[in-house]
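# Descriptive analysis of the structure
Here's the letter readout for the chains.
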Amino acid sequence: VQLQASGGGLVQAGGSLRLSCRASGLTFSNYGMGWFRQAPGKEREFVAAIAGGGGSTYYADSVKGRFTISRDNARNTVYLQMNSLRPEDTAVYYCAARFFTTAQAMGVSATMDYWGKGTLVTVSS
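In what follows, the accompanying structure is described.

Analysis parameters
Residues numbered from 1 in each chain as written. Predicted model: local features only at pLDDT ≥ 70, side-chain atom pairs only at ≥ 80, totals over all residues. Heavy atoms only, no water. Helix = DSSP H or I, 4+ residues; strand = E, 2+ residues; numbered from the N terminus. Buried < 20%, exposed > 50% of the residue type's maximum accessible area, 1.4 Å probe, protein only. Disulfide = S-S within 2.5 Å. Pairing = 2+ DSSP bridges. Axes fitted to C-alpha atoms, helices over the stretch in contact; angles between N-to-C directions.

All right, on to unusual backbone geometry then. The phi dihedral of Asn 76 is positive, around 55 degrees, even though this residue is not glycine. For Asn 76, the position within the fold is in the loop between strand 7 (67-72) and strand 8 (77-82). Of note, the phi angle at Phe 100 is positive, near 50 degrees, even though the residue is not glycine. Locating Phe 100 in the fold gives a position in the loop between strand 9 (91-99) and helix 1 (103-108). The exposure class assigned to Phe 100 is exposed, which follows from its relative accessible area of 72%.

Right, let's get into the state of the cysteines. If you walk through the whole model with that rule in mind, you get one disulfide. The disulfide partner of Cys 21 is Cys 95, and the S-S distance across this bridge is 2.0 Å. On the S-S bond that ties Cys 21 to Cys 95, the torsion sits near 55 degrees, and the link is right-handed. Residue Cys 21 is found in strand 3 (residues 17-24), and its partner Cys 95 is found in strand 9; the two are separated by 74 residues along the sequence. Judged by its relative accessible area of 0%, Cys 21 is buried. With a relative accessible area of 0%, Cys 95 lands in the buried category.

Ordered in space as 1-3-8-7, the four strands form an open sheet in which the pairing is antiparallel. Edge positions in the sheet fall to strand 1 (2-6) and strand 7, since each of these pairs with one other strand and no more. Across the sheet, the axes of successive neighbouring strands diverge by a mean angle of 15 degrees, strand direction being ignored.

Below, the structure is given as structure tokens:
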């Protein structure tokens, strides 16, 4: 199984980025997908999650209203649209997969079946 994240980069505060994570080697629609991030010197934290069918989503309070998670099961890809970016959003963003789970459960426990390698997002002030 591979999870390949992309789309990170440098953006000014208030700007937008869209991250993508393409999965291979698994039956994508059977997996809840999530995004996590780790800022320098901090622990990894939950950002957003989406259930396998795409019917439910769950967000950390810090990104609610600014970030949107979505998925395209035909393309085995999950997306994170990030708007109104702030310097405190600077982090390495990781995608993760958990078999047969709800979106909210992925926000409660960071135990995942698979992790991607991460993509760096830097927001300048």
